[in-house]
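# Survey of secondary and tertiary structure
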Amino acid sequence: MADRPNVKDILAKARAAQASSEGEQPAPAPVAEPVPVASPVAAVPSGRPLTLKEKLAAAKATAASAAPSAPASAAVPAAAAVVAPAASAGPAVKVPTPAELGRPLTLKEKLAAAKATAGGASAAPAAAAAAVSTAKPAAAARVLPPLAEMSDPKDLVEALRQTASKPVAGKAAVAARPAVKKENLNLPPRPNKNAAIAALQGTRRRFMIGTIPAVAWVILAWTTFSVALVAFSAMLGRFFFPNVLAEPPSTIKVGPSSQFEAGEVNERWKAEWGFWVVRSVYNGQDMLYALSTVCTHLGCPPNWLVSEQKFKCPCHGSGFYVSGVNFEGPAPRPLERFKLSVGEDGQIVVDKAQKYQEELGQWNDPDSFIPV
Ligand code: FES
């Protein structure tokens with residue numbers, strides 16, 4: 001674009017050339033009738049610069065006045081020779097020189113030559129387009145090689161043009177398109193849809209089979225945890241709301257005092273109630289008292305040995321007299337007594353809730369024995 005000549009320069013060169021040619025030929029060709037052309041400057045009495053319109057009019061007037069100076073028969077073919085090739089062949093047009101013509105160029109010819117030179121570049125695409133448009137039928141008739149074998153870019157362009165120029169509608173048009181074989185395209189093979197689905201299903205099946213043991217373990221763990229939780233809740237409820245009281249009654253009737261003989265140790269209530277009813281003399285007084293069957297050492301139940309008239313503990317050998325006072329073994333103190341009372345029916349009532357200890361002097365309490 002930088003090399004493209006400016007129209008203004010071209011016009012200036014043309015005018016300079018015309019002026020020089022007029023100077024070399026002092027005797028111009030006879031003019032039949034001079035065309036009176038008013039000077040642009042004279043037409044503007046104010047002396048202002050010429051407008052573009054006025055300049056064009058002056059140039060046309062100048063060209064009209066110079067045209068008759070050249071032979072008409074020679075000027076017209078020359079102009080035609082300049083213009084016609086420029087339109088058809090563009091830059092390849094050869095502009096005749098003054099030497100070839102044997103005379104100086106007229107303004108028209110010079111303008112034509114200048115336009116041909118300036119428009120060569122722009123005329124080239126037009127000429128190429130014209131050439132392409134005229135060559136279309138011949139190219140359409142060309143038999144193109146298969147697409148995979150095309151190496152010339154021109155063939156590719158032609159194939160694209162043919163494909164684009166084909167009418168879309170109509171089966172005949174579709175059938176007339178150049179057949180392109182798929183095997184020539186070197187395309188990668190299309191994936192098999194059924195094989196892909198089968199592979200996916202196989203993967204899913206293997207995943208499901210692999211997760212079954214883990215799922216079974218999770219189910220087993222949650223089941224065990226749930227059972228343990230239910231059992232623990234039941235035990236907790238049983239602890240807070242027992243349906244029976246394990247505490248036995250603390251009082252029991254053992255019968256009238258007359259049924260116990262002197263020196264007798266009655267073991268009837270030893271196993272179930274944990275005491276003996278003894279009739280013996282203690283501190284010079286015949287009395288009834290209830291002795292606990294719990295050894296004062298570590299709690300084992302002693303046995304009454306009739307032959308030895310003593311209570312003997314089987315655990316560590318502690319011995320107690322019939323009164324309950326300890327005399328051997330590790331027992332630190334005498335056996336304990338329970339409270340005795342006589343009921344309204346005359347029966348002796350033993351109350352295990354009240355205990356009496358000899359070392360504390362509680363055996364002197366009247367509730368700890370019944371005189372007989
Ligand atoms: Fe009776 Fe040790 S428990 S002597």
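Residues numbered from 1 in each chain as written. Predicted model: local features only at pLDDT ≥ 70, side-chain atom pairs only at ≥ 80, totals over all residues. Heavy atoms only, no water.

### Let's talk about helix α10 (residues 193–240)
Stated precisely, the cut-off is as follows: To qualify as a helix, a DSSP run of H or I must reach at least 4 residues; to qualify as a strand, a run of E must reach at least 2; elements of each kind are numbered from the N terminus. Helix span, as expected, comes to 1.5 Å for every residue beyond the first. Two axes enter the bend calculation: one fitted to the seven residues ending at the residue in question, the other to the seven starting there, and the bend is the angle between them.
A rise of 1.5 Å per residue sets the reference length of α10, with its 48 residues, at 70 Å; its end C-alpha atoms lie 68 Å apart and thus fit the reference within 8%. At I212, α10 shows its maximal kink, close to 35°; a proline, P213, follows between one and four residues later.

### Some remarks on the side chain of E158
Under the convention used in this document: In protein, a polar contact means a hydrogen-donor-capable atom and an acceptor-capable atom, both N or O and within 3.5 Å, with residues adjacent in sequence counting only if both atoms are side-chain atoms; elsewhere, any N or O pair within 3.5 Å suffices.
Structurally, E158 is set in helix α8 (residues 153–165). In this structure the side chain of E158 is engaged in a polar contact, spanning 2.9 Å, whose partner is the side chain of R161.

### With respect to the environment of M287
Using the following cut-off: Throughout this description, buried means an accessible area under 20% of the type-specific maximum (1.4 Å probe, protein chains only), exposed means over 50%, and partly exposed covers the range between.
For M287, the location among the structural elements is in strand β4 (residues 285–292). Of the residues examined, M287 reaches a relative accessible area of 3% and is grouped as buried. Along the primary structure M287 and S257 are separated by 30 residues, whereas in three dimensions their C-alpha atoms are 9.5 Å apart.

### Focus: the sheet that holds strand β5 (residues 303–305)
Rules: A pair of strands is labelled paired if DSSP reports no fewer than 2 bridges between them.
Pairing is antiparallel across the open sheet formed by 4 strands, whose spatial order is β5-β6-β7-β8. Each having just a single partner strand, β5 and β8 (326–328) make up the two edges of the open sheet. Relative to strand β6 (residues 310–312), β5 runs antiparallel, the two sharing 3 bridges. Residue pairing for β6: W304 is matched across the bridge by F311.

### Re the confidence of the model for the chain
What counts here: pLDDT expresses how confident the predictor is about each individual residue, on a scale running from 0 to 100. The contact criterion used is simple: two residues touch if any of their non-hydrogen atoms lie within 4.5 Å.
Here the chain shows a mean pLDDT of 76. Residues at 70 or above account for 69%. Segment residues 25–45 is flagged for pLDDT under 50; beyond a separation of four residues in sequence, or across chains, it makes 11 contacts in the model. In this model residues 121–139 is a low-confidence stretch, pLDDT under 50, and it forms 9 contacts with partners more than four residues away in sequence or in other chains.

### Structural notes on the side chain of D351
Formally: Two residue types count as positive, namely Lys and Arg, and two as negative, namely Asp and Glu; His and chain ends fall outside the count. Should a side-chain nitrogen of Lys or Arg be within 4 Å of a carboxyl oxygen of Asp or Glu, the pair is scored as a salt bridge.
When you line up the elements, D351 lands in strand β10 (residues 348–356). No salt bridge forms around the buried D351; measuring N to O, its nearest opposite-charge neighbour K339 is 5.1 Å away. Setting aside residues no more than four positions away along its own chain, D351 makes contact with S250, T251, F338 and K339.

### Considering the environment of Y289
Tracing the chain through its elements places Y289 in strand β4. Between the alpha carbons of Y289 and K339 there is a distance of 8.1 Å; along the sequence they are 50 residues apart. Residue contacts for Y289: discarding those within four places in its chain leaves W276, V277, V278, S280, V322, S323, R337, L340, S368 and F369. Within the local environment of Y289, its side chain forms a polar contact with the backbone oxygen of V322, the two atoms lying 3.0 Å apart.

### Some words on the pairing of β10
Across 4 bridges, the pairing between strand β1 (residues 251–255) and β10 is antiparallel. Bridge pairing in β10 links K253 to V349. Looking at chain direction, strand β9 (residues 337–342) and β10 are connected through 6 bridges and run antiparallel. Bridging across to β10, S341 finds its partner in V349. The hairpin formed by β9 and β10 contains 5 residues between the paired strands, and G346 there has a positive phi angle of roughly 85°.

### Some words on the packing of aromatic side chains
Operational definition: Each Phe, Tyr or Trp ring, with Trp reduced to its six-membered ring, pairs with another whose centre is within 6.5 Å; inter-plane angles below 30 degrees give stacked pairs, above 60 give edge-to-face pairs, and intermediate values give tilted ones.
A complete count under the given rule lists 9 aromatic pairs for this structure. With a centroid separation of 4.4 Å and an interplanar angle of 35°, the aromatic rings of W276 and F311 are classed as tilted. Placement of W276 in strand β3 (residues 275–282) and of F311 in strand β6 is noted, with a sequence separation of 35 residues between them. Take W276 and F311: they sit in the same class, and that class is buried. For the pair Y282 and W363, a centre-to-centre distance of 5.6 Å together with 75° between the ring planes defines the contact as edge-to-face. Residue Y282 is found in strand β3, and its partner W363 is found in the loop between β10 and β11 (370–371); the two are separated by 81 residues along the sequence. The pair formed by Y282 and W363 is uniform in burial state, with each residue classed as buried.

### Some details on the state of the cysteines
We apply this condition: Counting rule for disulfides: a pair of cysteine sulfur atoms within 2.5 Å.
Tallied over the full model, the rule gives 1 disulfide. At a sulfur-sulfur separation of 1.8 Å, the disulfide partner of C300 is C315. Its torsion about the S-S bond being -95°, the disulfide of C300 and C315 is classed as left-handed. You can see C300 sitting in the loop between β4 and β5 and its partner C315 sitting in the loop between β6 and β7 (319–320), a full 15 residues away along the chain. Among the residues examined, C315 registers a relative accessible area of 37% and is labelled partly exposed.

### Let's talk about the nonpolar core
In plain terms, the rule: Within this scheme, the nonpolar core is defined by two criteria: the residues are buried Ala, Val, Leu, Ile, Met, Phe, Trp, Tyr or Cys, and they are joined through side-chain atoms within 4.5 Å.
Counting 18 residues, the largest nonpolar core has W276, L291 and F311 as its most contacted members. Counting only elements with at least two residues in this core, the list comes to β3 and β4. Residues W273, A290, F338 and L340 belong to the second largest nonpolar core, which totals 14 residues.

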